[in-house]
Amino acid sequence: MATFLFTSESVNEGHPDKICDQVSDTILDACLEQNLESKFACETCTKTNMVMVFGEITPKAKVDYEKIVRDTYRGIGFTSPEVGLDADNCKVLVNIEQQSLDIAQGVHGHLTKNPEEIGAGNQGHMFGYATDETPELMPLTHVLATKLGAKLTEVRKNKTCPWLRPNGKTQVIVEYKNKGGAMVPIRVQTVLILTQHDESVTNDQIAKDLKEHVIKPMIPAKYLDDKTIFHLNPSDRFVIGGPHGDAGLIGKKIIIDTYGGWGAHGGGAFLGKDPTKVDRSGAYIIRQAAKSVVAFGLSRRCLVQVSYAIGVPKPLSMFVDTYKIGKIEDNDILALIKEKFDFRLGMISINLDLVRGGSYRYQKTVAYGHFGRDDPDFT
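Some remarks on the overall build of the protein chain
Point 1. Along its length, the protein chain carries 10 helices and 13 strands.
Point 2. On C-alpha atoms alone, the protein chain measures out to a radius of gyration of 21 Å, which is about the 21 Å that the 2.2 N^0.38 rule sets for 379 residues.
Point 3. Considered along the principal axes of its C-alpha atoms, the protein chain spans approximately 60 × 60 × 25 Å.
Point 4. Sorting the 379 residues of the protein chain into buried and exposed places 56% on the buried side.
Point 5. For the protein chain, long-range pairs separated by at least 24 residues make up 71% of all intrachain contacts whose partners lie at least 6 apart in sequence.
Point 6. Total accessible area computed for the protein chain in this model is approximately 16,200 Å², and 52% of it derives from carbon and sulfur atoms.
Point 7. Averaging the positions of the 45 positive and the 47 negative side-chain charges in the protein chain gives two centres separated by 3 Å.

Structure below.
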């Protein structure tokens, strides 16, 4: 049987784009903690010695935006210009306004509508995907790339690899076979890790530590063989990182946040948005639908689409594709999904408990994927 290669990548929490994602979602947590009806669209960008937070938040919670920015950067590890930014001395710019009155009227009637009447906070289409190739019902390429990134952060923070700095990227190529529409992983063909480091460490030490402390614990031995290729800091030097090395902007890592290139993506980012924004809540509920199809054995793989119009509570359309391996017809699976799930925006927020803020609940979603996580706050 012919095989093929598929690649997924991930970035860890010190990547400039992911820093911005974390700032916005930490502010979202703070707003929801004070007011569950907060309507929130908050953007963040960053460059050398500068962070800017801007957007629309209603009703206004008493949030110290500057403190959240500095605490977030400090928690990631950006504590000096040499690392990429000094959390305590960088410039923080804030430009926050209230939500547009037109949008507020159309979506929630200025907070007067019942949950079942609340309209979508924006238009768009979202996809949910699931596959039985991993216990998480997620693609193996995505799972491995994400776990490598998380482990890279862990061994930096616990000082197992004290030479590590916050910025880093991972990429995994897996050889697959297509078994009648189901994806069956055979082996890991290539592992790529690019990580920021201090000036004193050698390339040989980097490669040795990454294999021993990051790759070996995270990639099951059954997927590695003597032909597996390792590219470990292939650019040789990565001392300058974080916002000093590259500008960062919220919402740029939408494939990393979802399925690593598998399935499909509607194009909308999750981060910095409250649950009335269908880019986030619609994507969360449709993942639940796809995952349920696979978990209950109706298909080994499933893709589900949903679409919305701003101000309209119910979806405009839905679609199911089981890649011709469903146990019953796709239209029958779609009928079951519509029977078991409520896709009205206000009801999604209630049924998935999406308005509960605090405890860094949304901030936790930012790095290492929104789906397939072993955490009660994740689907």
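Focus on the sheet that holds strand β10 (residues 229-232)
Point 1. Sheet architecture is open: four strands sit in the order β1-β8-β9-β10, paired in mixed fashion. What marks the edges here is a single partner per strand, and that holds for β1 (3-11) and β10. For this sheet the average axis-to-axis angle between neighbouring strands, irrespective of direction, equals 20 degrees.
Point 2. In this sheet, strand β9 (residues 182-197) lies alongside strand β8 (residues 164-179) in antiparallel orientation, the contact comprising 13 bridges. Within β9, the position partnered with lysine 179 by the bridge is alanine 182.

Structural notes on helix α4 (residues 140-157)
A turn of α-helix holds 3.6 residues, and therefore any two residues three or four places apart point the same way.
Point 1. Between its first and last C-alpha atoms α4 spans 26 Å; for 18 residues at 1.5 Å apiece the expected length is 26 Å, and the two agree.
Point 2. Of all 18 residues in α4, 14 are buried; the element is thus mostly enclosed.

Description of the sheet that holds strand β7 (residues 124-131)
Within a sheet, each strand pairs with its neighbour through backbone hydrogen bonds, oriented either parallel or antiparallel.
Point 1. With respect to topology, three strands assemble into an open sheet ordered β7-β12-β13, the strand pairing being antiparallel. Of all the strands in the sheet, the pair left with one neighbour each is β7 and β13 (317-321). Between one strand axis and the next, the sheet turns through 10 degrees on average, direction left out of account.
Point 2. Here helix α7 (residues 278-295) sits on the sheet in contact with β7, β12 (301-308) and β13, set at roughly 30 degrees to β7.
Point 3. Contacts from helix α8 (residues 330-340) reach β12 and β13 within the one sheet, and its direction differs from that of β13 by about 130 degrees.

Some points on the pattern of salt bridges
Point 1. A complete count under the given rule lists 23 salt bridges for this structure.
Point 2. The shortest N-O distance in the salt bridge between aspartate 25 and arginine 280 comes to 2.5 Å. Of this pair, aspartate 25 sits in helix α1 (residues 16-34) while arginine 280 sits in helix α7, and the two are 255 residues apart along the sequence.
Point 3. The exposure class assigned to aspartate 25 is buried, which follows from its relative accessible area of 0%.
Point 4. You can call arginine 280 buried: its relative accessible area is 1%.
Point 5. Note that lysine 147 is salt-bridged to glutamate 136, the shortest N-O span being 3.2 Å. Within this pair, whereas lysine 147 is found in helix α4, its partner glutamate 136 is found in the loop between β7 and α4, the two being separated by 11 residues in sequence.

Describing the packing of α4 against helix α5 (residues 203-218)
Point 1. Here α4 crosses α5 at 135 degrees, and the two axes come no closer than 9 Å. In terms of their interaxial angle, α4 and α5 are classed as oblique. The crossing of α4 and α5 is right-handed. From α4, Leu144, Lys147, Leu148, Lys151, Leu152 and Val155 reach across to α5, where they touch Leu210, His213, Val214, Ile215, Pro217 and Met218.
Point 2. Split by residue class, the contact of α4 with α5 holds nine nonpolar, one polar and two charged.

Let's talk about the environment of glutamate 199
Point 1. Here glutamate 199 is to be found in the loop between β9 and α5.
Point 2. On a C-alpha basis, the gap between glutamate 199 and threonine 48 in space is 19 Å, while along the polypeptide they are 151 residues apart.
Point 3. Ignoring sequence-local partners within four residues, the contact set of glutamate 199 consists of Arg237 and Val239.
Point 4. There is a polar contact of 3.5 Å between the side chain of glutamate 199 and the side chain of arginine 237.

Section: unusual backbone geometry
Point 1. The phi torsion at aspartate 236 lies on the positive side, around 80 degrees, for a residue other than glycine.
Point 2. As for its placement among the helices and strands, aspartate 236 is situated in the loop between β10 and α6 (242-245).
Point 3. We note that lysine 324 has phi near 65 degrees; this positive angle belongs to a residue other than glycine.
Point 4. Relative to the elements of secondary structure, lysine 324 occurs in the loop between β13 and α8.

A closer look at the pairing of β8
Point 1. By the bridge criterion, nine bridges tie β1 to β8 in an arrangement that is antiparallel. Directly across from valine 11, in β8, lies its bridge partner lysine 169.
Point 2. In textbook terms, the turn of a hairpin is the stretch between consecutive antiparallel strands, and for β8 and β9 this stretch comprises two residues, one of which, glycine 180, has a positive phi near 60 degrees.

Some remarks on the nonpolar core
Point 1. Counting 91 residues, the largest nonpolar core has Ile27, Tyr73, Tyr308 and Ile337 as the members making the most contacts within it.
Point 2. No other element matches α7, which puts nine residues into this core.
Point 3. Excluding residues that lie within four positions of it along the chain, isoleucine 337 makes contacts with Ala289, Val293, Val304, Met318, Val320 and Phe343.

Rules used in this analysis
- Residues numbered from 1 in each chain as written.
- Predicted model: local features only at pLDDT ≥ 70, side-chain atom pairs only at ≥ 80, totals over all residues.
- Heavy atoms only, no water.
- Helix = DSSP H or I, 4+ residues; strand = E, 2+ residues; numbered from the N terminus.
- Rg over C-alpha atoms; globule rule 2.2 N^0.38 Å.
- Buried < 20%, exposed > 50% of the residue type's maximum accessible area, 1.4 Å probe, protein only.
- Contact = heavy atoms within 4.5 Å.
- Areas by Shrake-Rupley, 256 points an atom, 1.4 Å probe, with all protein chains shown as cover.
- Lys, Arg positive; Asp, Glu negative; His and termini not counted.
- Charge placed at Lys NZ, Arg CZ, Asp CG, Glu CD.
- Pairing = 2+ DSSP bridges.
- Axes fitted to C-alpha atoms, helices over the stretch in contact; angles between N-to-C directions.
- Expected span 1.5 Å × (residues − 1).
- Salt bridge = Lys/Arg side-chain N within 4 Å of Asp/Glu carboxyl O.
- Parallel < 35°, antiparallel > 145°, perpendicular 65-115°, else oblique.
- Left-handed = near helix turned anticlockwise from the far one by under 90°.
- Nonpolar A, V, L, I, M, F, W, Y, C, P; charged D, E, K, R; others polar.
- Polar contact = N/O pair within 3.5 Å; in protein donor to acceptor, adjacent residues only side chain to side chain.
- Core = buried A, V, L, I, M, F, W, Y, C linked by side-chain atoms within 4.5 Å.

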